[in-house]
Amino acid sequence: MLSVILIWIYIITTAFLLGYGILTGLTCLCPYRIKRWDAYLMCGLAAVTVYAQFFSIFAPVGLMANLILTLVCLAIAILLRKKLRADWQCISERLRYEKSAAGKQPAAGAVFGIFLFLLYAYGTSRGILHYDTGLYHAQSIRWIEEFGVVKGLGNLHCRLAYNSSSFALSALYSMAFLGGQSYHCAAGFMALLVAGVCMELVSFVKRRHLKTSDFARIMAIYYLFIIFDEMVSPASDYFMVLTAFYLVIRWLDLLEEKEETVFPYAMLCVLGVFLLTLKLSAALIILLAIKPAFVLIREKRFKEMAIYLGLGILTAAPYLIRNVLISGWLVYPFTGIDLFHVDWKIPEGIAAYDAKEIQVWGRGYTDVLLYDMPVKDWFPAWFQSIGGLDKWFLILAMAAVPVFAGRLVFGLLHIRNKCYEKGGLPERHLLTEAVMIVCFLIWLFSSPLIRYGCVYVYLTAAVVWGDVLTEFLDAHMECAGTGGSERIRKTQEKHYAGYAAAICKLLIGLFLIYKTAAFGRELIFSYNHTDYWVHQKDYEKYETEYYKISDVMFFCPVEGDQTGYDSFPSSPVRAQIGLRGDTIRDGFYFRESGRPDV
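All values reported here derive from a predicted model rather than from experimental measurement. (Residues numbered from 1 in each chain as written. Predicted model: local features only at pLDDT ≥ 70, side-chain atom pairs only at ≥ 80, totals over all residues. Heavy atoms only, no water.)

Caption draft 1: Inspection of the pairing of strand 2 (residues 552-557) at higher detail. In terms of burial, strand 2 is largely enclosed, as five of its six residues are buried. Alignment of strand 1 (residues 544-549) against strand 2, held across six bridges, turns out to be antiparallel. Within strand 2, the position partnered with isoleucine 549 by the bridge is valine 552. Hairpin remark: strand 1 followed by strand 2, antiparallel, with two residues in the connecting loop; positive phi at serine 550, about 55 degrees. (Buried < 20%, exposed > 50% of the residue type's maximum accessible area, 1.4 Å probe, protein only. Helix = DSSP H or I, 4+ residues; strand = E, 2+ residues; numbered from the N terminus. Pairing = 2+ DSSP bridges.)

Here it is, written out as structure tokens:
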């Protein structure tokens, strides 16, 4: 746990300073005042990930990468020291004002923040490592630590070609170059950041009305409970889902605050590009870019558009370059874009087989020949396999599709009923709901693996039904307040608002109390006072055997398909590859495959 805390302090320092420097520079070009503390951290995390990926193209991501990052952050701290000091004074004055206006509430918030930090450090120091971590996550991270990028690495094991940018982030902060174990704390830190954003839900206690972002935060809290004992694993799924929650919550916050400046929306769209590099299945969330793009084109602000496009290209560039170097494909395992003809390229048949295997696996099957099975045949068994509350959230998400379509039709028909006018589909949430539904449907009918698709299920249900509930209550208050004196109208509005808020607070409170109690019980029963208080839980170890290719030793498991971190380099089975040169640094080419082309 102590190691996690120290690494998190380093992550906070480097990510904050780098994000602060970047956003300070960008707001000089595109005037805007950053309003939230987490914007610097998230921007910094994305920038550090892009940096680690670029660095891996030329060298291993280890001591030198961290030294350069530290020097850059130190330079930012020195160059922007006056602005940093002024901003810190503003924050201090605001906190003092809040404390004088609300008693001890800010102090209580600080205490709870420290408690949350220690709680998540505890959770990140121990827990359950994801199955795929032993299969390829740990190996992917170690390849980046040892060599950076190796041409044709996907020929050794096709899953190494999945190339999530989260592995580069984990490698940068693993501290493996110190000679001890390779730490994996980045996923836990991302969970802590999202938990901090969800803390803003406490403002609901003071408000008399609901916001759609409240429902998104509740879904994020629910997910944080689920992964608390698993976030010790550097699984790309956790990075992707947590980043998606962050992006949508902050997007909803901007809409609800009626933010008109393009800058924050555009930067969240750049974060959407970063989300794509974490997991390719998140690509369609970039459709949110329609909103800032429309404004920029309409107002002919082409200079700003060029800046945002440049940031998006810069964010995606190292991911795409690494894809080509590792697999020979621009976007593996998608074979529709075939631009490169290199000797280390993964054969098209193997890439197509892998893509189909991913899809049938998500539907609950292992036989690739079932790829063309109609939806009506695979859907019932898949639906029955979904357990717990996820099945109910899935039903809500599926029901949200026709509800959204119906509300959209009513909105387009310009219904004039005064009581419904406020309950029509608001323009501010139209794009958000549409994008969530598109993401949900594409996931549902392609590879519906709930492990990462849960974010589409949760957010579709939260955004659509959250809008329905909030709009209904607003419309009901408006109708109740029509007619009579101004005093009666205000009294009625207050009555309905307070009644609705009390019911929602009760339901939300009961839900959170139930989840907290279940979480606390699990935490107490799994407590072990003797383990992981200094060092984080290490990667699992597996029994392996070695084989040679061109006098180079490789490992494969004696049983199963997991090899972990220590047996390096390794693959689930004996790889049919050849070396492109004298050492593994020169990369691999495909020599022969026992797997059929499909």
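And the narrative resumes.
Caption draft 2: Main features of the packing of aromatic side chains. Applying the stated criterion across every chain yields a total of 33 aromatic pairs. Centre to centre, the rings of tyrosine 10 and tyrosine 173 are 5.6 Å apart; their planes meet at 85 degrees, and the pair counts as edge-to-face. Taken together, the positions of tyrosine 10 in helix 1 (residues 2-29) and tyrosine 173 in the loop between helix 7 (165-172) and helix 8 (186-198) put the pair 163 residues apart, joining distant regions of the chain. When its relative accessible area of 2% is taken as the criterion, tyrosine 173 is described as buried. Seen in terms of ring centroids, tyrosine 222 and phenylalanine 393 are 5.3 Å apart; in terms of plane orientation they differ by 65 degrees. Their pairing is edge-to-face. In this pair, tyrosine 222 is assigned in helix 9 (residues 212-227) and phenylalanine 393 in helix 16 (residues 389-412), connecting sequence segments 171 residues apart. When sorted by exposure, tyrosine 222 lands in the same class as phenylalanine 393, which is buried. Joined through ring pairs, the aromatic side chains of Trp143, Phe147, Tyr547, Phe554, Phe568 and Phe588 make up one cluster. (Phe/Tyr/Trp six-rings, centres within 6.5 Å; stacked < 30°, edge-to-face > 60°.)

Caption draft 3: Main features of the packing of helix 2 (residues 37-58) against helix 7. For the pair helix 2 and helix 7, the least separation of the axes is 8 Å and the interaxial angle reads 90 degrees. By the angle between their axes, helix 2 is roughly perpendicular relative to helix 7. Two secondary-structure elements touch here, helix 2 through Leu45, Val48, Thr49, Tyr51, Ala52 and Gln53 and helix 7 through Ser165, Ala168, Leu169 and Leu172. Classifying every residue of the contact of helix 2 with helix 7 gives seven nonpolar, three polar and no charged. (Axes fitted to C-alpha atoms, helices over the stretch in contact; angles between N-to-C directions. Parallel < 35°, antiparallel > 145°, perpendicular 65-115°, else oblique. Contact = heavy atoms within 4.5 Å. Nonpolar A, V, L, I, M, F, W, Y, C, P; charged D, E, K, R; others polar.)

Caption draft 4: View of the pattern of salt bridges. This model, assessed by the stated rule, comprises 21 salt bridges. Taking the shortest distance from any N to any O, the salt bridge between aspartate 237 and lysine 279 comes out at 3.0 Å. Here lysine 279 lies in the loop between helix 11 (262-278) and helix 12 (290-298) and aspartate 237 lies in helix 10 (residues 236-256), a separation of 42 residues in the sequence. For the pair aspartate 237 and lysine 279, one class covers both residues: buried. (Salt bridge = Lys/Arg side-chain N within 4 Å of Asp/Glu carboxyl O.)

Caption draft 5: Layout of the nonpolar core. Trp8, Tyr120 and Trp143 are the most contacted members of the largest nonpolar core, which has 169 residues in total. Ranked by residues supplied to this core, first place goes to helix 10 with 15 residues. Apart from residues no more than four positions distant in its own chain, tryptophan 143 is found in contact with Gly148, Val150, Leu153, Leu156, Leu160, Phe568, Pro569, Ile584 and Phe588. (Core = buried A, V, L, I, M, F, W, Y, C linked by side-chain atoms within 4.5 Å.)

Caption draft 6: The environment of arginine 451, seen in detail. Looking at where arginine 451 falls in the secondary structure, it is placed in helix 19 (residues 450-480). In this structure arginine 451 comes out as partly exposed when scored by relative accessible area, which is 29%. Placed 214 residues apart in sequence, arginine 451 and aspartate 237 show a C-alpha to C-alpha distance of 7.2 Å. Excluding anything up to four places from it in sequence, arginine 451 contacts His130, Asp132, Asp237 and Val241.

Caption draft 7: Summary view of helix 10. The end-to-end C-alpha separation of helix 10 is 30 Å, in line with the 30 Å expected for 21 residues at 1.5 Å each. Positive phi appears at lysine 258, one or two residues downstream of helix 10, with a value of about 55 degrees. (Expected span 1.5 Å × (residues − 1).)

Caption draft 8: Quick peek at the side chain of glutamine 562. Here glutamine 562 is to be found in the loop between strand 2 and strand 3 (577-579). Glutamine 562 gets classed as buried once you look at its relative accessible area, which sits at 14%. Separated by 3.3 Å, the side chains of glutamine 562 and tyrosine 542 make a polar contact. Contact partners of glutamine 562, with chain neighbours within four places excluded, come to Tyr131, Gly134, Leu135, Tyr542 and Pro557. (Polar contact = N/O pair within 3.5 Å; in protein donor to acceptor, adjacent residues only side chain to side chain.)

Caption draft 9: Seen up close, unusual backbone geometry. Here the residue pair tyrosine 332 and proline 333 is connected by a cis peptide bond, since its omega of 5 degrees sits within 30 degrees of zero. Here proline 333 shows up in the loop between helix 13 (302-327) and helix 14 (348-362). Put simply, phenylalanine 568 and proline 569 share a cis peptide bond, and its omega is -5 degrees. Of note, proline 569 is situated in the loop between strand 2 and strand 3.

Caption draft 10: Examining helix 15 (residues 375-385) more closely. Within helix 15 the residues assigned to the buried category are Trp378, Trp382 and Phe383. Buried residues in helix 15, looked at end-on, bunch into an arc of 130 degrees, giving them a common side. When the buried face of helix 15 is taken as reference, the exposed residues oriented beyond 90 degrees from it are Lys376 and Gln384. (Arc of directions from axis to C-beta.)

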